[in-house]
Amino acid sequence: MWFERDRLGVHSMGHDARGQRRYFTPDTIDALGALPPRELEDLHDVLAQLEADVLVEYDPEDASIDHDDEDRHRLVTLPVDFAFPPTTTDFAAAFTAHVQSVPLRWRLDVAAVAFELVGTLLDPYWAEQRARRTATWRITARRRRGSRRSRRR
């Protein structure tokens, strides 16, 4: 995480699916993957709120920010030292406790990586739901078009 010199933003490095897994044990990832999609979506919402709460703690307009020091943290990924402890139940509480235990400098990154991992696990479900809605819409559109033709005759 770093503050921009323009005092307008706080930034965090994103991770791809492989990079996200570096911060979680395989047992935690398997337990998350075993959750039903509805529970994963609820956890995703909780983690989004956690990330927003962490962002509120940062003030990019704070005059005490040393921007030379901030430049050292620009585009630096989260150290693996801040990996999540093994968790197989009550993910929201465990993830929140871990985020709060991390130094302020890295809280946004830690919250973001948990949010990203759950989103990555939800991607196949969301793609399936989009495909289902699209197929339903196409069928409905065909029926409507077909019914219009029959009415005109």
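Fair warning: this is a prediction, and the values are worked out from it, not measured in the lab. (Residues numbered from 1 in each chain as written. Predicted model: local features only at pLDDT ≥ 70, side-chain atom pairs only at ≥ 80, totals over all residues. Heavy atoms only, no water.)

Student: Give me the lowdown on the overall build of the protein chain, citing residues and values where you can.
Tutor: Scanning the protein chain from N- to C-terminus turns up 6 helices and 2 strands. Reading the protein chain from its N end, one meets helices and strands in the order β-β-α-α-α-α-α-α. Put simply, 82% of the contacts in the protein chain that link residues at least 6 apart link residues at least 24 apart. Summed over all atoms, the accessible surface of the protein chain reaches about 9500 Å², with 52% contributed by carbon and sulfur. (Helix = DSSP H or I, 4+ residues; strand = E, 2+ residues; numbered from the N terminus. Contact = heavy atoms within 4.5 Å. Areas by Shrake-Rupley, 256 points an atom, 1.4 Å probe, with all protein chains shown as cover.)

Student: So what's going on with the nonpolar core? Which residues, and what values?
Tutor: Core analysis: the biggest nonpolar cluster contains 28 residues, and F24, F84 and F95 have the highest contact counts within it. Per-element accounting of this core gives the leading share, 9 residues, to helix α6 (residues 104-152). Apart from the residues within four sequence positions on either side, F84 is in contact with Y23, F24, T25, F95, H98, V110, V113 and A114. (Core = buried A, V, L, I, M, F, W, Y, C linked by side-chain atoms within 4.5 Å. Buried < 20%, exposed > 50% of the residue type's maximum accessible area, 1.4 Å probe, protein only.)

Student: Can you break down the packing of aromatic side chains residue by residue, with the values?
Tutor: Here the structure, examined in full by the defined rule, presents 5 aromatic pairs. Seen from their ring centres, F82 and W106 are 6.0 Å apart, and the 35 degrees between their planes marks the pair as tilted. Remark: W106 occurs in helix α6 and F82 occurs in the loop between α4 (67-73) and α5 (91-101); sequence separation between them is 24 residues. As far as burial versus exposure is concerned, F82 and W106 are alike and both buried. Centroid distance F84 to F95: 5.1 Å. Interplanar angle 70 degrees. Geometry classified as edge-to-face. A residue pair is termed long-range when its members are at least 10 positions apart, and F84 in the loop between α4 and α5 and F95 in helix α5 qualify at 11 residues. (Phe/Tyr/Trp six-rings, centres within 6.5 Å; stacked < 30°, edge-to-face > 60°.)

Student: Give me the lowdown on α5, citing residues and values where you can.
Tutor: Along α5, the residues that are buried comprise F91, F95, H98 and V99. On an axial view of α5, the arc spanned by its buried residues comes to 100 degrees, and they lie on one face. (Arc of directions from axis to C-beta.)

Student: Summarise the packing of helix α3 (residues 37-57) against α5; cite the residues concerned and give the values.
Tutor: Two elements in contact, α3 and α5, have axes separated by 10 Å at closest approach and are oriented at 20 degrees. Classified by the interaxial angle, the pair formed by α3 and α5 is roughly parallel. In the crossing of α3 with α5, the sense of the turn from one axis to the other is right-handed. Residues L43, V46, L47, L50, V54 and E57 of α3 form the contact with α5, whose participating residues are F91, A92, F95, T96, V99 and Q100. (Axes fitted to C-alpha atoms, helices over the stretch in contact; angles between N-to-C directions. Parallel < 35°, antiparallel > 145°, perpendicular 65-115°, else oblique. Left-handed = near helix turned anticlockwise from the far one by under 90°.)

Student: Would you mind going over the side chain of Q20 in detail, with residue names and values included?
Tutor: By the secondary structure assignment, Q20 is in helix α1 (residues 17-21). Beyond its immediate chain neighbours, meaning those up to four positions away, Q20 contacts H15, V113, E116, L117 and T120.

Student: Provide a residue-level description of helix α2 (residues 26-34), including the pertinent values.
Tutor: Listing the buried residues of α2 in full gives T28, I29, A31 and L32. Here the buried residues of α2 occupy an arc of 165 degrees about the axis, which is enough to place them on one side. Within α2, the exposed residues directed more than 90 degrees away from the buried face are P26, D27, D30 and A34.

Student: I'd like to hear about the environment of D30, residue by residue, with values.
Tutor: Mapped onto the secondary structure, D30 falls in helix α2. Sequence spacing of D30 and T88 is 58 residues, and the spatial spacing of their C-alpha atoms is 8.4 Å.

Student: Requested: an account of the pattern of salt bridges, with residues and values cited.
Tutor: What the rule picks out here adds up to 2 salt bridges. The partner of R38 in a salt bridge is E41, with the nearest N and O atoms 2.7 Å apart. Placement of the pair is R38 and E41 together in helix α3, with a separation of 3 residues, close to one helical turn. You can call R38 exposed: its relative accessible area is 51%. For E41, a relative accessible area of 16% gives the class buried. Where salt bridges share partners, they join R38, E41 and D42 into one cluster. (Salt bridge = Lys/Arg side-chain N within 4 Å of Asp/Glu carboxyl O.)

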